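Coordinates in review
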Amino acid sequence: GRLSEGATATDLVLTVTEMLRKKGVVGKFVEFYGSGLSTLSVPDRATIANMAPEYGATMGFFPVDAETLAYLQFTARSAEQIALVEAYCKEQMLFRTDKTSPPLFNVTLELDLGTVEATVAGPKRPQDRVALRQAKASFTKVVEGTPAKKIAVRNNGDSFDLSSGAVVIAAITSCTNTSNPSLMLGAGLLAKKAVERGLHVKPWVKTSLAPGSKVVTDYLLAAGLTPYLEKLNFHLVGYGCTTCIGNSGPLPEAIGAAIKDNNLIAVAVLSGNRNFEGRIHPLVRANYLASPPLVVAYALAGRMDLDLTSEPLGNDPAGKPVYLKDIWPTPQEIESTVRSSVTTAQYSKQYSEVFEGDAHWKSMPIPKGDIYKWDPKSTYIKLPPFFENMPKVPPALADIHGAKVLAILGDSVTTDHISPAGSIPVESPAGKYLIANGVKPHEFNSYGARRGNHEVMMRGTFGNIRLRNQLAPGTEGGWTLFLPDGEKMPIYDAAVKYREAGVPLMVIAGKEYGSGSSRDWAAKGTRLLGVRAVIAESYERIHRSNLVGMGVLPLEFKPGENRESLGLTGHEIFQIEGVAALAPKKPITVHAKSGDGKLMTFSAIARADTPEEVSYYHHGGILQYVLRQML
């Protein structure tokens, strides 16, 4: 089939993400096939393939076909390169047409593109797809039991009431959707129609436009749509990762205070890949992924508890209600605008200059010499301790004795929970470190910007404001109990005390541990806190691999077993035996001794899956492994 009118590539990828998460494709290669491929543009396919981490696959693959070659030509690739791609793929039997017999697959799923409908996903995970027509009802369940409050707010000369369900962030952002001409021009056309009908963005909505390519700016200008987006406050803020990674910036002070002081459930709607807890903004608890046109629509509506399919976005100057269907661009309008506004010359110009840099970039001083000169005063880049006291030959592997639990975590704990990328709270261990080093709170920047400083990053590990450590029940954020006395303290502070006492640490988790971003610091920070092993029901592929690569042993409960079934409380002292003779996927014996002397013994699988991974672990991590090859 083909996408129906009103459905976008974003709706398709959120539908695919839901399907594949339900099926379970962690560690799998997902190939898309069938006649429906011929109806999808390369940017549409890229939107789907680029969200492979969200649906858990190793990769999402679309075979090369005539549409691929046309895209290469349109985006100013050389004739020689295009000819080589075509010849190679045909010679290797990798080129597809609608008549090509499908390959033999282990498992297949079927999706009729004609059944895809307008969709959002949230409020916490990309796979939690909700049809647009059901979004209001779905959000109503999110706020169920929350006291209904209307808080009077004055901001920037406007007066309004703020309550749970208010959309306070509407962001056209991320690599996945903002390099797709159909989606971006669709958003521009919707903005144009909205302005022409006299609609305005609600005054409590913080808007932003961060395309994935400078070409987007060129074709929005060529189509004459930039003024309409700007009229609705969707001004260009830059290119690259913004709201999707938590670089959403602060909310206006009055709005932020109203949300915080009254515990309102505020909403963000963004065209990004990821909406995990605490990722988008610390004050926004409900985050929904949507297509760029729907982001504009929700900015106009200003609320999540509104049915955009049947309730008006607002009224025109004559008081007549304006509905989403009144301003939604037709496929013909979008296609016509793409044809008239997107040109090969735009790609040729922007990408011929992509490595040039502006005058500021060219004028930056460059240190001389082959070795990086560390600045001991820098709070952005510091020499990490990974190679300190590293012997030339790795020591023999050893079992882990006397380990204590730093955190007990539930299902679907993301790398954002483990290592947040967004704003740094003033009262957090990382915030206190920066202040002690002369950095003022308004200069904190974000964890993502400070990832060259291990002192900041390890203090932020397990520091997500939405993390719920079951070892410290009733808490939210990076808290734990220091054992055996049970004192509540920040996870970082507890880790320091354990390190001083020479106690190795563990983390116990549920299913899909480490889902979401690849985020290498989720493994680096874990190791620097002194965590030697993680025991989980299942892992996401990249984080499991990263743990091994940092010298942290990922162990997996046997099928049907978990913390609850084994009666583990986290107050036990653990002995992990069998590590000294580690082999791929070896059963490891774990002894857990409780405070009353009761001993529990169970078996877990060592998820060092290959001989190479065992070697990385033996060396203390892949960094040490690589350096030793160079010595």
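For every chain, the first residue of the written sequence is number 1, and numbering continues from 1 along that sequence. Local features in this predicted model are restricted to residues of pLDDT 70 or higher, and side-chain atom pairs are both shown and tallied only at a pLDDT of 80 or more, whereas totals for entire chains, interfaces and linings draw on every residue. With hydrogens and water set aside, each side-chain value is computed from the structure's full complement of heavy atoms.

**A word on helix H7 (residues 181–196)**
Helix and strand definitions here come from DSSP, where helices need a minimum of 4 consecutive H or I residues and strands a minimum of 2 consecutive E residues; each element is numbered from the N-terminal end. Multiplying 1.5 Å by the helix residue count minus one yields the expected span of that helix. The terminal C-alpha atoms of H7, which comprises 16 residues, lie 22 Å apart, in line with the 22 Å expected from a rise of 1.5 Å per residue. Buried means the residue's accessible area, taken with a 1.4 Å probe over protein chains only, is under 20% of the maximum for its type, while exposed means over 50%, and partly exposed covers the values in between. Among all positions of H7, only Pro181, Leu183, Met184, Leu185, Gly186, Ala187, Gly188, Leu189, Leu190, Ala191 and Ala194 are buried. For this analysis, a polar contact is any N or O atom pair within 3.5 Å, provided that within protein one partner can donate a hydrogen and the other can accept it, and provided that sequence-adjacent residues contribute only side-chain to side-chain pairs. Two or three places before Ser182, at the start of H7, stands the capping residue Asn180, its side-chain oxygen 3.1 Å from that residue's backbone nitrogen. Positive backbone phi, approximately 85°, marks Gly198, located one or two places after H7.

**Looking at the layout of surface pockets**
Computed from the structure, the second largest pocket encloses a volume of approximately 1,200 Å³. Grid spacing is 1 Å over the protein atoms alone, the probe is 1.4 Å, and a cavity is where that probe fits but cannot get out, while a pocket is an open set with protein on both sides within 12 Å along at least five of seven lines and lining residues have an atom within 4 Å of a point. Considering the residues around the second largest pocket, the lining is formed by 35 residues, among which Ser41, Asp44, Ser182, Glu335 and Val338 are closest to the centre. Elements with a minimum of two residues in the lining of the second largest pocket: helix H2 (42–49), helix H4 (66–74), H7 and helix H13 (331–341). Each residue belonging to the lining of the second largest pocket can be placed in one class, and the counts come to 18 nonpolar, 11 polar and six charged. Grid points are joined across faces, edges and corners, and a volume is the space filled by probe spheres set on the points. Residues are grouped as follows: nonpolar covers Ala, Val, Leu, Ile, Met, Phe, Trp, Tyr, Cys and Pro; charged covers Asp, Glu, Lys and Arg; every other residue, Gly included, is treated as polar.

**A few points about the packing of aromatic side chains**
Aromatic rings from Phe, Tyr and Trp, with only the six-membered ring used for Trp, were paired whenever their centres fell within 6.5 Å, and each pair was classed as stacked if the ring planes differed by under 30 degrees, edge-to-face if by over 60, and tilted otherwise. Applying the stated criterion across every chain yields a total of 12 aromatic pairs. Ring centres of Phe482 and Tyr498 lie 4.6 Å apart, and the angle between their planes is 35°; this geometry places the pair in the tilted category. Here Phe482, found in strand E14 (residues 479–482), pairs with Tyr498, found in helix H19 (residues 491–500); they are 16 residues apart in sequence, far enough to count as distant. Judged on exposure class, the residue Phe482 and its partner Tyr498 are both buried. By the ring-pair criterion, three or more aromatic residues cluster together here, those being Phe74, Tyr347 and Tyr351. The criterion for a charge sitting over a ring is simple: Lys NZ or Arg CZ within 6 Å of the ring centre, and within 35 degrees of the ring normal. Taking the ring centre of Tyr380 as reference, the NZ or CZ of Arg450 above it sits at 3.8 Å.

**Notes on the packing of H7 against H13**
To obtain each axis, a line is fitted to C-alpha atoms, and for helices this fit is confined to the stretch in contact; angles are then taken between N-to-C directions over 0 to 180 degrees. The contact between H7 and H13 brings their axes to 9 Å, and the two run at 115°. One finds that H7 runs roughly perpendicular with respect to H13. Our pair here, H7 against H13, has a crossing hand that is right-handed. Across from Pro181, Ser182, Leu185, Gly186, Leu189 and Lys193 in H7, the residues of H13 making contact are Glu333, Ile334, Thr337 and Val338. Class assignment of the residues belonging to the contact of H7 with H13 gives a composition of five nonpolar, three polar and two charged. What sets the label is the angle itself: under 35 degrees gives roughly parallel, over 145 gives roughly antiparallel, 65 to 115 gives roughly perpendicular, and the rest give oblique. Crossing handedness: left-handed means the near helix sits turned counterclockwise from the far one by under a right angle, and right-handed means the same turn made clockwise. Whether two residues are in contact is decided by their heavy atoms, any of which lying within 4.5 Å being enough.

It is worth stressing that arrangement in space is one thing and function is another; only the former is reported here.
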